[in-house]
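Here is what each chain is made of, one letter per residue.
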Amino acid sequence: METENNKKNFIGTSETYLRDEFSAWEPYRIHQIFNWVYHYGCRDFSEMTNLSKVMRAQLADRFYFSLPHIQNKTRSLDGSIKYLFKLDDGALVESVWMPSDSRKTLCLSTQVGCRLNCSFCLTASLGLKRNLAAGEIIGQCMAINEDLNENDSITNVVFMGMGEPLDNLGPVIDALRLMTAPEAMRLSTRKVTVSTSGLVDKINEFKKENIHINLAISLNATEDETRDRLMPINKKYPIKALMDCLRSYPLKPQRRHTIEYVLLDGINDTDADARRLAKWLKGIPCKINLIPFNSFESSEYRPPPEKQTLKFQDYLISQNFSAFIRQNRATDILGACGQLAAESQKPSYV
Ligand code: SF4
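Each chain has its residues counted from 1, following the order in which its sequence is written. With pLDDT at 70 or above as the cut-off, local features in this predicted model cover only qualifying residues; side-chain atom pairs require 80 or more to be listed or tallied, and sums for whole chains, interfaces and linings still use all residues. With hydrogens and water excluded, all non-hydrogen atoms of the structure serve as input to the side-chain values.

## Quick notes on the packing of helix 5 (residues 169–180) against helix 6 (residues 200–207)
Here comes step 1: Throughout, an axis means a line fitted to C-alpha atoms (over the contacting stretch in the case of helices), and angles, computed between N-to-C directions, take values from 0 to 180 degrees. Only DSSP runs of H or I with at least four residues qualify as helices, and only runs of E with at least two residues qualify as strands; both kinds are numbered from the N terminus onward. Look at helix 5 against helix 6: their axes get within 12 Å of each other, and the N-to-C directions meet at 35°. Along this stretch, helix 5 crosses helix 6, giving a crossing that reads as right-handed. Across the interface between the two elements, Leu169, Ile173 and Leu176 of helix 5 pack against Lys202, Glu205 and Phe206 of helix 6.
Here comes step 2: Counted by class, the contact of helix 5 with helix 6 contains four nonpolar, no polar and two charged residues. Note on convention: near helix rotated counterclockwise from far helix by under a right angle means a left-handed crossing. Clockwise means right-handed. It only takes one pair of heavy atoms within 4.5 Å for two residues to be counted as in contact. Under this grouping Gly is polar, as are all residues other than the nonpolar Ala, Val, Leu, Ile, Met, Phe, Trp, Tyr, Cys and Pro and the charged Asp, Glu, Lys and Arg.

## Notes on the side chain of Thr309
Here comes step 1: Along the chain, the position of Thr309 falls in helix 10 (residues 306–318).
Here comes step 2: When neighbours within four sequence positions are excluded, Thr309 is seen to be in contact with Leu263, Pro292, Pro304 and Ile325.

## Comments concerning the domain arrangement of the protein chain
Here comes step 1: Parsing the protein chain into structural domains produces domain 1 (3–64) and domain 2 (69–333).
Here comes step 2: For domain 1 versus domain 2, the separation of C-alpha centres amounts to 32 Å.
Here comes step 3: The interface of domain 1 with domain 2 comprises 13 residues on the first partner and 13 residues on the second.
Here comes step 4: Two parts placed together each lose some accessible area under a 1.4 Å probe, and the buried area is that loss summed for both. Carbon and sulfur atoms make up 59% of the surface buried where domain 1 meets domain 2, a total of about 1000 Å² over both sides.
Here comes step 5: The largest per-residue losses of area from domain 1 upon contact with domain 2 belong to Ile11, Gly12 and Tyr38, which jointly make up 42% of the total buried on that side.
Here comes step 6: Salt bridges are defined as contacts in which a side-chain nitrogen from Lys or Arg sits within 4 Å of a carboxyl oxygen from Asp or Glu. At the junction of domain 1 with domain 2, the criterion picks out one salt bridge.
Here comes step 7: The partner of Glu146 in a salt bridge is Arg43, and the shortest N-O contact between them spans 2.6 Å.
Here comes step 8: Between N or O atoms, a polar contact is any pair within 3.5 Å; within protein, one atom must be a potential hydrogen donor and the other a potential acceptor, and residues adjacent in sequence are included only when both atoms are from side chains. One can count five residue pairs in polar contact (both at pLDDT 80 or more) joining domain 1 with domain 2.
Here comes step 9: Take the side of domain 1 that touches domain 2: its biggest share by element is six residues, from helix 2 (residues 27–39).
Here comes step 10: Among the residues forming the side of domain 1 that touches domain 2, the class breakdown is five nonpolar, six polar and two charged. Domain start and stop points were drawn from an automatic or database domain assignment.

## With respect to the sheet that holds strand 6 (residues 92–99)
Here comes step 1: We treat two strands as partners when DSSP finds at least two bridges between them. What the 10 strands build is an open sheet, ordered 4-5-6-7-10-11-12-13-14-15; its pairing is mixed. Across the chains shown, the open sheet's two edge strands, defined by having one partner strand only, are strand 4 (69–75) and strand 15 (322–325). Within the sheet, the average angular offset between the axes of one strand and its neighbour, ignoring direction, is 20°.
Here comes step 2: Two strands pair when backbone bridges link them, and strand 13 (residues 257–263) and strand 14 (residues 286–292) are joined in this way by seven bridges, in the parallel orientation. In the sheet register, Ile259 faces strand 14, and the bridge partner there is Ile288.
Here comes step 3: Across the sheet, helix 4 (residues 134–147) touches strand 4, strand 5 (81–86), strand 6, strand 7 (104–107) and strand 10 (156–159), and the angle it forms with strand 5 is around 120°.

## Overview of the pairing of strand 10
Here comes step 1: The buried label goes to any residue with under 20% of its type's maximum accessible area, the exposed label to any with over 50%, and the partly exposed label to all in between, with areas taken from a 1.4 Å probe on protein chains only. The alternating pattern of strand 10 places Asn156 and Val158 on one face and Val157 and Phe159 on the opposite face, and all of these are buried.
Here comes step 2: Strand direction decides the pairing type here: strand 7 and strand 10, joined by three bridges, are parallel. Looking across to strand 10, one finds that Thr105 is bridged to Asn156.
Here comes step 3: In terms of strand pairing, strand 10 meets strand 11 (residues 192–196) through three bridges, oriented parallel. What sits directly across from Phe159, in strand 11, is Val194.
Here comes step 4: Read from strand 10 through helix 5 to strand 11, the crossover connection turns out right-handed. We call a crossover right-handed when, viewed with the strands running away from us, the connection from the first strand over the helix to the second turns clockwise.

## Section: the pairing of strand 12 (residues 214–218)
Here comes step 1: Counting buried positions along strand 12 gives five out of five residues, so the element sits mostly inside the fold.
Here comes step 2: Every second residue of strand 12 is oriented toward a common face, with Asn214, Ala216 and Ser218 on one face and Leu215 and Ile217 on the other, all of them buried.
Here comes step 3: Two strands pair when backbone bridges link them, and strand 11 and strand 12 are joined in this way by four bridges, in the parallel orientation. Within strand 12, the position partnered with Val194 by the bridge is Leu215.
Here comes step 4: The pairing of strand 12 with strand 13 spans three bridges and is parallel. In the strand pairing of strand 13, Ile217 is matched with Ile259.

## Section: helix 8 (residues 239–247)
Here comes step 1: Along helix 8, the residues classified as buried are Ile239, Leu242, Met243, Cys245 and Leu246. Taken down its axis, helix 8 places every buried residue within 160° of arc, on the same side.
Here comes step 2: On the buried face of helix 8, the contacting elements are helix 6, strand 12, helix 7 (224–230), strand 13 and helix 9 (271–281). This arc describes the spread of directions from the helix axis toward the C-beta atoms.

## Focus: the nonpolar core
Here comes step 1: Residue types Ala, Val, Leu, Ile, Met, Phe, Trp, Tyr and Cys, when buried and joined through side-chain atoms within 4.5 Å, form a set referred to as a nonpolar core. Membership of the largest hydrophobic core comes to 108 residues, with the highest contact counts inside it found for Tyr38, Phe159, Phe206 and Ile288.
Here comes step 2: By residue number, the principal contributor to this core is helix 5, which donates seven residues.
Here comes step 3: For this core, the two domains that each supply at least three residues are domain 1 (3–64) and domain 2 (69–333).
Here comes step 4: Discounting residues that sit within four places of it in the chain, Phe159 has contacts with Leu108, Thr110, Ile137, Pro165, Val172, Leu176, Met179, Val192, Thr193, Val194 and Ser195.

## Brief notes about the packing of aromatic side chains
Here comes step 1: Between rings of Phe, Tyr and Trp, where Trp is taken as its six-membered ring, a pair exists when centres lie within 6.5 Å; planes separated by under 30 degrees are stacked, by over 60 edge-to-face, and by other angles tilted. A full pass over the atoms with the stated rule returns 13 aromatic pairs.
Here comes step 2: Ring geometry for Tyr17 and Phe63: centres 6.5 Å apart, planes at 80°, overall edge-to-face. One end of the pair, Tyr17, is in helix 1 (residues 15–21); the other, Phe63, is in strand 3 (residues 63–64), and 46 residues separate them in sequence.
Here comes step 3: Classification of Phe63 by relative accessible area gives buried; the value is 4%.
Here comes step 4: By way of ring pairs, the aromatic residues Phe10, Tyr17, Phe22, Trp25, Phe34, Tyr38, Phe45, Phe63 and Phe65 are connected into one cluster.

This is the structure in structure tokens:
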């Protein structure tokens, strides 16, 4: 999948791989190439004039450039755009670009489908088709930036689209390094967030990588019985194991985790849930995003009444937590959290 005429896609190829491949080269050469590709948008090795002709030929011999193809764009009334990408093997994934006054956020995908089977999520209905390569992950970002006006360029990236990012750890790490490297895409680590359903072993592996991006934990319940039902991964990593893992996570000063809590009417939104949530999170540096559920046709769940959402938030604030109600974006185009399923293959706007 990564090869075309025995060549490898340069997009997403890690610095470590390139250093091994060109071990006789000075390391700064790799940074020069990254600058050409990720900063100047160069897609032709012969144009990299600060490299020798021999180097350029060696690169062209081994690598090609490929970005995911934009198959379709759907605009939301709130200004967001959902992109449907067709990958080299025909697989489809979606990303959502969400503008606001202060930022332009891209929500990108890391897998075609997902195997974790959360019961409130439309992506889960696809099952896992395959993992994305690093180039297909970072490529969503590059292809969208190329499609947009310079003023609309992506400032923030959230790994919250299709898939569980930590279930595809290697390519996600390669993509994160390229996104945040000063010689590549140059995004601040503060502006990149990876969301996880709580794969404790993978979070522990991720810790060792020393990539200080933000981590968002999709928690969504305060009792194992309920979480088992909503997110079957909880049977393997119950709430206590997840909380212990977060407590020992080496956060940089002034940084905190994000706790994502999708509110489901009558399921996880009671006053007792609010109290238990505060208890679980005591001592963990975090902010809490409360997300009233986005209903979709086949779903058994509904969002709580607004009054209950506000009461839930008020309690958390009274316990000194930063708790925010996140209004969903792109709900009219199935672009909101848990709604991505690459279902729309008919062009509705291009
Ligand atoms: S919520 Fe996330 S982890 Fe759960 S099934 Fe959907 S994409 Fe996978």
